[in-house]
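Structural description and commentary
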Amino acid sequence: MWYISTRGLAPRVDFEGALFSGYAPDGGLYVPKELPQLDGETLRQWRSLSYPGLVKELCSLFIGPELIPRDDLNGLIDRAFSRFRHKDVVHLCRLVQGLNVLELWHGVTRAFKDLSLSCTAQFLQYFLEKREKHITVVVGTSGDTGSAAIESVLEAKNVDIIVLLPKGHCSRIQELQMTTVLRENVHVFEVEGNSDQLDVPIKAVFADLPFVEKHNLMSLNSVNWSRVLVQMAHYFFAYFRCAPSLDGCPLPTVEVVVPTGAAGNLAAGCTAQKMGLPIRLVAVVNHNDIIHRAIRQGDFSLSEAVRPSLASAMDIQMPYNMERIFWLLSGSNSQVTRALMEQFERTQSVQLPKELHGKLSEAVTSQSVSDEAITRAMGRCWEENRYLLCPHSAVAVSYHYQQLDRQQPSTPRCCLAPASAAKFPEAVLAAGLTPETPADILALENKETRCTPMQREDDWTLMLRDAVEHLSQRWRGASPSASA
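Rules of the game
- Residues numbered from 1 in each chain as written.
- Predicted model: local features only at pLDDT ≥ 70, side-chain atom pairs only at ≥ 80, totals over all residues.
- Heavy atoms only, no water.
- Helix = DSSP H or I, 4+ residues; strand = E, 2+ residues; numbered from the N terminus.
- Buried < 20%, exposed > 50% of the residue type's maximum accessible area, 1.4 Å probe, protein only.
- Contact = heavy atoms within 4.5 Å.
- Salt bridge = Lys/Arg side-chain N within 4 Å of Asp/Glu carboxyl O.
- Pairing = 2+ DSSP bridges.
- Right-handed = clockwise from strand over helix to strand, strands pointing away.
- Disulfide = S-S within 2.5 Å.
- Axes fitted to C-alpha atoms, helices over the stretch in contact; angles between N-to-C directions.
- Left-handed = near helix turned anticlockwise from the far one by under 90°.
- Nonpolar A, V, L, I, M, F, W, Y, C, P; charged D, E, K, R; others polar.
- UniProt positions renumbered as here; feature names shortened; annotations may be inferred.
- Core = buried A, V, L, I, M, F, W, Y, C linked by side-chain atoms within 4.5 Å.
- Expected span 1.5 Å × (residues − 1).

What follows deals with the overall build of the protein chain. When its secondary structure is counted, the protein chain shows 20 helices and 15 strands. Seen through its C-alpha atoms, the protein chain measures out along the principal axes to roughly 65 × 50 × 45 Å. Counting across all 484 residues of the protein chain, residues that qualify as buried make up 62%. Counted over contacts in the protein chain with a minimum sequence separation of 6, partners at least 24 positions apart contribute 75%.

Take the pattern of salt bridges next. Using the criterion set out here, one finds 21 salt bridges in the structure. The partner of Asp440 in a salt bridge is Arg85, and the shortest N-O contact between them spans 3.2 Å. Here Arg85 lies in the loop between α4 (70–80) and β3 (91–94) and Asp440 lies in helix α19 (residues 439–442), a separation of 355 residues in the sequence. For Asp440, a relative accessible area of 34% corresponds to the partly exposed category. One connected set of salt bridges, linked through shared partners, spans Arg7, Lys203, Glu323 and Glu345.

For strand β9 (residues 254–259), the tally of buried residues reaches 6 of 6 residues, placing the bulk of the element in the interior. Here β9 shows no split at all, with Val254, Val256 and Val258 on one side and Glu255, Val257 and Pro259 on the other all buried. Of the strand pairs in this sheet, β9 and strand β10 (residues 279–285) are connected by 6 bridges, and their pairing is parallel. Each residue of the ladder has a partner; that of Val256, found in β10, is Leu281. Once you follow β9 into helix α11 (residues 264–274) and on to β10, the crossover reads as right-handed. Looking at chain direction, β9 and strand β14 (residues 413–417) are connected through 3 bridges and run parallel. Opposite Val256, over in β14, you have Cys414 as the bridge partner.

Moving on: the state of the cysteines. Scanning all chains against the criterion turns up 0 disulfides. Considering cysteine sulfurs only, Cys59 is the nearest to Cys119, which forms no disulfide, with 6.1 Å between them. Looking at the unpaired Cys415, the closest cysteine sulfur is the one in Cys414, lying at 6.7 Å.

It is worth spelling out the packing of helix α5 (residues 113–131) against helix α6 (residues 144–153) at this point. Helix-helix packing is described using two parameters, namely the angle between the two axes and the distance between the axes. Look at α5 against α6: their axes get within 9 Å of each other, and the N-to-C directions meet at 35°. In this structure, the crossing between α5 and α6 has a hand that is right-handed. Between α5 and α6, the contacting residues are Lys113, Asp114, Leu117, Ser118 and Ala121 on the first element and Asp144, Thr145, Ala148, Ala149, Ser152 and Val153 on the second. Residues of the contact of α5 with α6, tallied by class, amount to 5 nonpolar, 3 polar and 3 charged.

Let's shift gears to the UniProt feature "domain: Tryptophan synthase beta chain-like PALP" (unreviewed entry) in the protein chain. Those residues carrying the UniProt feature "domain: Tryptophan synthase beta chain-like PALP" (unreviewed entry) are residues 107–400 in this numbering. The distance separating the terminal C-alpha atoms of residues 107–400 is 25 Å; by composition the span is 51% helix and 16% strand.

With that settled, the discussion passes to the nonpolar core. Side chains that are nonpolar tend, in soluble globular proteins, to be buried together. By size, the foremost hydrophobic cluster in this structure holds 116 residues, and its most contacted members are Phe15, Tyr51, Phe123, Tyr235, Phe236, Phe300 and Leu360. Contact partners of Phe300, with chain neighbours within four places excluded, come to Ile290, Ala294, Pro319, Met322, Phe326, Met341, Phe344, Gln348, Ser349, Val350 and Leu352. Formed by 36 residues, the second largest nonpolar core is a distinct cluster that contains Ala377, Tyr387, Tyr399 and Ala419.

Strand order in the open sheet formed by 6 strands is β3-β4-β14-β9-β10-β13, and the pairing between neighbours is mixed. Edge positions in the sheet fall to β3 and β13 (364–368), since each has one partner strand and no second. The average angle at which neighbouring strand axes cross in this sheet is 25°, direction not considered. By the bridge criterion, 5 bridges tie β10 to β13 in an arrangement that is parallel. Note on β13: the bridge partner recorded for Leu281 is Val364.

Our focus in this paragraph is the sheet that holds strand β7 (residues 186–191). Spatially, β8-β5-β6-β7-β15 is the arrangement adopted by the 5 strands of the open sheet, whose pairing is parallel. If you trace the sheet from one side to the other, it starts and ends with β8 (217–219) and β15 (452–454), each paired once. Between one strand and the next, the sheet's axes are offset by a mean angle of 25°, whatever the strand orientation. Pairing of strand β5 (residues 135–140) with β8, which is carried by 3 bridges, proceeds in the parallel orientation. When the bridges of β8 are listed, Val137 appears paired with Met218. Here helix α7 (residues 172–179) sits on the sheet in contact with β6 (159–166) and β7, set at roughly 155° to β6.

Take the environment of Ser142 next. Positionally, Ser142 belongs in the loop between β5 and α6. Classification of Ser142 by relative accessible area gives buried; the value is 9%. The spatial distance from the C-alpha of Ser142 to the C-alpha of Lys167 is 9.8 Å, given a sequence separation of 25 residues. If sequence neighbours within four positions are ignored, Ser142 has contacts with Pro166, His169, Cys170, Ser195, Ser312, Ala313 and Ile316.

Take helix α3 (residues 51–62) next. Compared with an ideal rise of 1.5 Å per residue, which puts 12 residues at 16 Å, α3 spans 17 Å between its outermost C-alpha atoms and is within 8% of the ideal. The buried fraction of α3 is high, at 9 of 12 residues. Along α3, the residues classified as buried are Tyr51, Pro52, Gly53, Leu54, Val55, Lys56, Leu58, Cys59 and Phe62.

In structure tokens:
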């Protein structure tokens, strides 16, 4: 299995090459050169698999056995999920009025990012131990990615991680899950800006290819293909648990409602769809609605500013994984994708070509959800089920209630729940409900914190480069053989 850039100007790489890269050298994102096609018989065979079983099958299609033999791959995935709180790793909650909520948040940090990052970290460690190599991971976060990335590499001997978090734009708990980790290999920066603004220095550093190679830099944001790969399992699991029967032909369709910000989870769903999984995708966003406008009107352009919302992890205007979706839906046309993305980077505004917009609106429908609709959905779900939703999950459930109230005829529907309500007590209170806070989260308030401020007047790119260089020097000093 080879991986190529969405922009078509970078050399192909294998899974290991894609794993250790951030952006491709031409500024694009790595994607599989060819997608495996799954027929009805394969899908019927997979129906009885557990969530970890599905991850193993999917990963074996995209990671050659010459890189990670199948027995090793199975062991890595079992280890990745060993700290999850639920015996099934993910859990489908069937609630009243046909509401299916797929709980993706039973990992250490209570967010869906734990699923893909725990696996990605195991893959990294596997290759690093073989190569006797040190890497520095650089992550920008809008809330959940940072803490999940930190937890995933906590025990890694040859990994340092730098996390940039947007000051005042995460929930208090999300922030504490990052700043209370006082390990020697964890370095948290608090940026006076939003999550789109903190992506700018990260992209600038990764654009300096000699610097990236010299310091073995990589990203664990969903620019990393491994993240998207593991997230595909959400869709297969949702499909098999919600489809009424797989005996007939053609196979039934299931609608999957995806709350999304940077579109990594959506890119995973589009890839699963392209592989032959009969799902209908609904992308739901908060009032930062670039994805919704792209799907509805073909308008892929920035608004004047990111507007804070109750679903804060989705307060994003630069959904970089849309590039993968454009590439997929344009028939793997790197020329079209490159022209689009280069224009977007120049002007921050693109009208999608008619044919591509048609393909996009055929593959995905969308909706933008207000804060008022979020709190209404949280309140209604509690009233009808005694079930607390996080505000991001409520974005998806709000769509379900809207369809229900319109009495729209519906195929089976599954709403993805990306985080536990325990992480967002502020939003729970805003909905007029009482937060339920587990002991491990309550304990965060009494822990010592550590982070480095990046103030507005600072040169963030320079600060990031200095931090990377310092870690490289420290590693070379501690272990001269590891600088190879």
